[in-house]
Amino acid sequence: MSEEEKNTTIYVIGHCNPDTDSICSAIAYADLKRKLTGKRYKAKRAGQVNSETKFVLQHFGVNPPGYLPDVRAQVKDIEIRKIQGIDRNMSIRRAWEKMKDNSVVTLPVVESDNQLIGLITIGDITKSYMNVYDNKILSTAKTPIVNILDTLQGELVAGNPDKIIDSGKALIAAANPDLMENYIEENDIVILGNRYESQLCAIEMNAKCIIVCDGAPVSRTITKLAQDKDCTIIKTPYDTYTVARLVNQSMPISHFMKQDNLITFTTENFIDDIRAVMAKKRHRDFPIVDKKTGEFIGMISRRNLLEAKRKQLILMDHSERSQAVDGLEDAEILEIIDHHRIGSIETMNPVYFRNQPLGCTSTIVFQMFEENNIPIEKDIAGLLCSAILSDTLVFRSPTCTPVDEMAAKKLAEIAGIEIEEYAKEMFTAGSNLLSKSPEEIFYQDFKKFTANDLTFGVGQITAMNQDELEKIKDKLLPYMEKAFKDHGVDMLFFMLTNILQESTELIYQGNGAKEVVANAFNVSNPDEKVILEGVVSRKKQLIPPLMMTLQQDNN
């Protein structure tokens, strides 16, 4: 296995309004794939965890999968160029050398806690060389003495290297001492040679710093006088011309860096979004910071966007595009494991597709554990069993097959649960909806479908108590109109299913919905609701008649 394969995470994810099967099958299948391949498979969810699923996860001590609402490529999916941030007091000469050594044109400037405070570019350094500054630029830039020492390869003869040049001008002492007295002022920086008289004059005129060129010796008398006058003496091997040319390169980058209105991105930003921002800016590189802490992480450029890797996905319990996570068209689908009708998802390449006419996707996952002789751990067995009991309504649903029932009983034995007793607890936890808002109830288990050019949505809740269903219906009826408008579908249906009575009360919204229900289920003059005896399965008993009716009406 290559290093890239080891570091690539493959997400196993169900539909966008996840039920217990969608969540549990994703967790179990990710576990199976990790054991089979050694690669990084991670279960994710595309929506909120409902009450029933929360009960199941808590019962078996399993954390819910992380939320992944959009699978478009993000900054974290591309190569971020790692580069160490530099201090604001670094000289422009050192910054230039660092750029050359790292083959970059932009350096991040950070504080001690790695917080980004600015950017210095090769263009900024070029301007610092080419612009004509006045002779006070070193003090204006607040240049550290240590920078001058470093830039001039100097030796500190007297003074404190931690001092900052914050006043005075820089000049070359080319005249005799008598004339020097006319233009040297307090706190000036004086560049001079080995003449004792010039050195003495500069110190007596209260210069802040004298730079002695050509490696000329400095007498003890001059050194002592400088110390008494708090004047810094730097000795450099360079000649006067070279010193005059180099000294401006000791200025700190803080004087030239960009620090206002910095354009930064986080690892969570989507490539599509930042591409538009980059197109409007002339910057070549853009800094990446941590979304939570603000710490600097690295740099990216436009070229990096071309190398963005699509997220790799395994889809569980669905193959309808309308039910899938957002951004699916920008992701790479590797596998689809499902037990519903084959839907509208298209793939760029051939994929592993396993679709079986069973009551639950988790039954398929159970089969794959057995086919590969992989032992099923207790918590995984509990999740798979719970999903089967949920999807088959404890074997009462017409979608249930002998294979589902056999799998659930084997898994219950491994998990150490008694099916009827555990199922009652699970459904009770899942149907405790009276305290929830209409929106929470509506989206507990909601899916979209397409028939020809028509799109319709179907939600479902199950309960073991008819009184509870009646109260839930009173909440849902006013909300249906809002949900219908929000989704922009042609029709909306919602199933209120009584598990014990094995019946469903169907409520609906949308032009033509009444006629579709009447034709699909041979009901005369239905109002806003209809009782469907013996109907408990959305997949097998509701969707097929609706699909057939809609397709006939559209022909």
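Residues numbered from 1 in each chain as written. Predicted model: local features only at pLDDT ≥ 70, side-chain atom pairs only at ≥ 80, totals over all residues. Heavy atoms only, no water.

Right, let's get into the overall build of the protein. The helix and strand tally for the protein stands at 21 helices and 23 strands. C-alpha atoms of the protein, sized along the principal axes, occupy 115 × 50 × 45 Å. Relative to its full complement of 555 residues, the protein shows a buried share of 52%. Taking the intrachain contacts of the protein between residues at least 6 apart in sequence as the baseline, contacts between residues at least 24 apart amount to 62%. Surface exposure of the protein reaches about 26,000 Å², of which carbon and sulfur atoms provide 46%. (Helix = DSSP H or I, 4+ residues; strand = E, 2+ residues; numbered from the N terminus. Buried < 20%, exposed > 50% of the residue type's maximum accessible area, 1.4 Å probe, protein only. Contact = heavy atoms within 4.5 Å. Areas by Shrake-Rupley, 256 points an atom, 1.4 Å probe, with all protein chains shown as cover.)

Attention now moves to helix α20 (residues 513-521). Side chains of residues three or four places apart in an α-helix project in the same direction, reflecting 3.6 residues per turn. Burial in α20 covers these residues: Ala513, Val516, Val517, Ala518, Ala520 and Phe521. Asparagine 522 occupies a position one or two residues after α20 and carries a positive phi of about 55°.

This brings us to the packing of helix α15 (residues 378-391) against helix α16 (residues 402-415). As a packed pair, α15 and α16 sit with axes 8 Å apart at the nearest point and diverge in direction by 145°. Two packed elements cross with a definite hand, and for α15 against α16 that hand is left-handed. Across from Lys378, Ala381, Gly382, Leu384, Cys385, Ile388 and Leu389 in α15, the residues of α16 making contact are Asp404, Ala407, Ala408, Leu411, Ala412, Ile414 and Ala415. Partitioned by chemical class, the residues of the contact of α15 with α16 number 11 nonpolar, 1 polar and 2 charged. (Axes fitted to C-alpha atoms, helices over the stretch in contact; angles between N-to-C directions. Left-handed = near helix turned anticlockwise from the far one by under 90°. Nonpolar A, V, L, I, M, F, W, Y, C, P; charged D, E, K, R; others polar.)

There is a patch of like negative charges on the surface, built from Glu418, Glu420, Glu421 and Glu425. As for its placement among the helices and strands, glutamate 418 is situated in the loop between α16 and α17 (419-430). A residue is classified by how much of its surface remains accessible, and glutamate 418, at 45% relative accessible area, is partly exposed. (Patch = residues over 30% accessible without salt bridge, like charges linked within 9 Å, V, L, I, M, F, W, Y side chains within 5 Å. Salt bridge = Lys/Arg side-chain N within 4 Å of Asp/Glu carboxyl O. Lys, Arg positive; Asp, Glu negative; His and termini not counted. Charge placed at Lys NZ, Arg CZ, Asp CG, Glu CD.)

This part takes up the pairing of strand β2 (residues 40-45). Successive side chains on a regular strand alternate, one facing one side of the sheet and the next facing the other. Sheet topology note: the strand β1 (residues 9-13)/β2 ladder contains 5 bridges and is parallel. Within β2, the position partnered with valine 12 by the bridge is alanine 43. For the crossover from β1 across helix α2 (residues 20-37) to β2, the handedness is right-handed. Bridge count for β2 against strand β3 (residues 66-67) is 2 bridges, and the pairing is parallel. Its bridge partner being in β3, lysine 44 is matched across the sheet by glycine 66. Following the backbone out of β2, through helix α3 (residues 51-59) and into the adjacent parallel β3, one traces a crossover that is right-handed. (Pairing = 2+ DSSP bridges. Right-handed = clockwise from strand over helix to strand, strands pointing away.)

With that settled, the discussion passes to the environment of tyrosine 129. Among the secondary structure elements, tyrosine 129 is positioned in helix α5 (residues 122-130). Apart from residues no more than four positions distant in its own chain, tyrosine 129 is found in contact with Ile92, Arg93, Trp96 and Gln249.

What follows concerns the packing of α3 against α17. Think of two packed helices as two axes; the pair is described by the angle between the axes and how far apart they sit. Running from N to C, α3 and α17 cross one another at 135°; their axes reach a closest spacing of 7 Å. One way to sum up the angle between α3 and α17 is to call them oblique. Relative to α17, α3 is oriented so that their crossing is right-handed. Counting all contacts with α3, which are made through Ser51, Glu52, Phe55, Val56 and His59, the residues of α17 involved are Tyr422, Glu425, Met426, Phe427, Ala429 and Gly430. Of the residues assigned to the contact of α3 with α17, the class counts are 6 nonpolar, 3 polar and 2 charged. (Parallel < 35°, antiparallel > 145°, perpendicular 65-115°, else oblique.)

Tyr29, Phe369 and Leu389 are the most contacted members of the largest nonpolar core, which has 53 residues in total. Residues within four places of tyrosine 29 in sequence aside, it is in contact with Val12, Ile314, Met316, Glu335, Ile337, Tyr352, Val365 and Met368. Listed in part, the 39 residues of the second largest apolar core include Val110, Ile191, Val243 and Met251. (Core = buried A, V, L, I, M, F, W, Y, C linked by side-chain atoms within 4.5 Å.)

Counting across every chain of the model gives 31 salt bridges. Between lysine 258 and aspartate 124 there is a salt bridge; the shortest N-O distance is 3.2 Å. One end of the pair, lysine 258, is in the loop between α11 (240-246) and β13 (265-266); the other, aspartate 124, is in helix α5, with 134 residues separating them in the sequence. A relative accessible area of 8% means that aspartate 124 is categorised as buried. A salt bridge links glutamate 155 to lysine 235, with the shortest nitrogen-to-oxygen separation between them at 3.7 Å. One end of the pair, glutamate 155, is in strand β7 (residues 155-158); the other, lysine 235, is in strand β12 (residues 232-235), and 80 residues separate them in sequence. Assessed through its relative accessible area of 43%, glutamate 155 is described here as partly exposed. Take lysine 235: its relative accessible area is 22%, and that puts it in the partly exposed class.

Right, let's talk about the state of the cysteines for a bit. Inspection of the entire model under this criterion finds 0 disulfides. Cysteine 24 takes part in no disulfide bond, and the closest cysteine sulfur to it belongs to cysteine 360, at a distance of 8.5 Å. Free of any disulfide, cysteine 385 has its nearest cysteine sulfur in cysteine 360, 9.8 Å distant. (Disulfide = S-S within 2.5 Å.)

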